[in-house]
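# Structure assessment
Below, each chain spelled out in residue letters.
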Amino acid sequence: MRRIIAALVALIALGWTSQALAWGDSGHRTVCEIAFRNLTPAAKAEVTRLLQANPAILGANPLNAEYGWACTYPDHPAAAGPGRRAPEHFANYARSTTAVTAATGCGAAPICVISAIAADYAVLRNAGATDQARAAALVYLGHWFGDIHQPLHSSFADDQGGNQISSAGLCTFALLAWAALRFAGVGSRDNKFGALRM
């Protein structure tokens with residue numbers, strides 16, 4: 001029965017493909033929620049306090065009072081608040097790049113997600129910065145960690161952070177097929193596909 005269900009899921013997946021998209025809001029919320037859950041109680045209280053210090057971020061979406069939601073702000077900034085900072089969402093490199101070092105961190109660009117992390121971390125650590133500035137840095141820092149781990153957001157300049165790659169068919173199908181195979185037991189220790197253990 002499990003193999004029949006897996007085959008049906010695979011057949012449906014073949015006909016139901018779409019463009020592969022970036023993390024989006026749910027990915028950024030997940031990254032920041034995991035980070036928040038791993039904080040000490042005192043650190044959680046400080047994050048919550050800081051979020052209240054930037055009315056523009058809260059005004060953009062009342063749910064931004066929670067850190068997970070607030071991390072979506074850089075993709076949906078308020079007109080009166082900190083801006084989108086578009087060049088800082090990616091790190092793009094020439095295809096000839098063989099290694100990323102401190103000197104080549106942003107490739108040919110003057111700023112990128114790597115320099116944004118360093119800049120916002122410095123603001124967040126600066127006790128002399130206003131709470132409003134530190135709140136913005138906190139929100140952007142969480143967002144940058146989502147961006148830098150997003151597939152293709154630290155990649156080649158010509159793919160524009162993966163946003164110009166359209167995927168249909170086998171690429172979109174691959175994850176659904178993997179899930180169907182796992183559901184059917186492929187990869188478990190007690191079958192002939194034991195080499196596929198996951």
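### Some points on the overall build of the protein
Looking only at helices and strands, the protein features eight helices and two strands. Secondary structure elements in the protein, listed N-terminal to C-terminal, are α-α-α-α-α-β-α-α-β-α. Taking all 198 residues of the protein together, 33% fall into the buried category. Taking as baseline every contact in the protein between residues at least 6 positions apart, the subset at least 24 positions apart corresponds to 61%. Total accessible area on the protein is roughly 11,700 Å²; 64% of this is exposed by carbon and sulfur atoms.

### What about the side chain of Arg134?
Turning to its location among the elements, Arg134 is positioned in helix α7 (residues 131-148). Among the polar contacts made by the side chain of Arg134, one reaches the main-chain carbonyl oxygen of Leu124 at a distance of 3.0 Å. Residues contacting Arg134, with those up to four places away along its chain left out, are Glu46, Arg49, Leu50, Val123, Leu124, Asn126 and Ala129.

### A word on the environment of Pro82
With respect to the secondary-structure elements, Pro82 resides in the loop between α5 (67-70) and β1 (91-93). Residue classification places Pro82 among the partly exposed positions, given a relative accessible area of 22%. Linking Pro82 and Ala56, residues 26 residues apart in sequence, is a C-alpha distance of 7.6 Å. Apart from residues no more than four positions distant in its own chain, Pro82 is found in contact with Asn54, Ala56, Ile57, Tyr73, Pro77, Ala136 and Tyr140.

### Thoughts on the packing of aromatic side chains
Under the criterion given, the structure shown has two aromatic pairs. Ring geometry for Tyr73 against Tyr140: centres 6.2 Å apart, planes inclined by 80°, an arrangement best described as edge-to-face. Placement of Tyr73 in the loop between α5 and β1 and of Tyr140 in helix α7 is noted, with a sequence separation of 67 residues between them. Owing to a relative accessible area of 1%, Tyr73 belongs among the buried residues under this scheme. Classification of Tyr140 by relative accessible area gives buried; the value is 0%.

### Things to note about the confidence of the model for the protein
Of the residues in the protein, 68% have a pLDDT of 70 or more, and the chain-wide mean is 79. For the protein, helix α8 (residues 170-183) is the element with the lowest average pLDDT, namely 47, and helix α3 (residues 41-51) is the one with the highest, namely 97. Here residues 169-179 scores under 50 on pLDDT; set against residues more than four positions off or in separate chains, the count is ten contacts.

### Side note on α7
Helix length check: α7 (18 residues) gives 25 Å between terminal C-alpha atoms against 26 Å at 1.5 Å per residue, within 8%. Burial within α7 is extensive, with 13 of its 18 residues counted as buried.

### A few points about the packing of α3 against α7
For the pair α3 and α7, the least separation of the axes is 8 Å and the interaxial angle reads 115°. In terms of their interaxial angle, α3 and α7 are classed as roughly perpendicular. Read as a crossing pair, α3 and α7 show a hand that is left-handed. Facing Glu46, Val47, Arg49, Leu50 and Leu51 of α3, the residues of α7 in contact are Asp131, Arg134, Ala135, Leu138 and Val139.

### What to know about the nonpolar core
Core analysis: the largest hydrophobic core is formed by 26 residues, its most contacted members being Val47, Leu51, Tyr67, Leu124, Leu138, Val139 and Trp144. Elements represented by at least two residues in this core include exactly α2 (24-37), α3, α5, β1, α6 (113-125) and α7. Here this core takes eight residues from α7, the largest share from any one element.

Analysis parameters
Residues numbered from 1 in each chain as written. Predicted model: local features only at pLDDT ≥ 70, side-chain atom pairs only at ≥ 80, totals over all residues. Heavy atoms only, no water. Helix = DSSP H or I, 4+ residues; strand = E, 2+ residues; numbered from the N terminus. Buried < 20%, exposed > 50% of the residue type's maximum accessible area, 1.4 Å probe, protein only. Contact = heavy atoms within 4.5 Å. Areas by Shrake-Rupley, 256 points an atom, 1.4 Å probe, with all protein chains shown as cover. Polar contact = N/O pair within 3.5 Å; in protein donor to acceptor, adjacent residues only side chain to side chain. Phe/Tyr/Trp six-rings, centres within 6.5 Å; stacked < 30°, edge-to-face > 60°. pLDDT = per-residue confidence, 0-100. Expected span 1.5 Å × (residues − 1). Axes fitted to C-alpha atoms, helices over the stretch in contact; angles between N-to-C directions. Parallel < 35°, antiparallel > 145°, perpendicular 65-115°, else oblique. Left-handed = near helix turned anticlockwise from the far one by under 90°. Core = buried A, V, L, I, M, F, W, Y, C linked by side-chain atoms within 4.5 Å.

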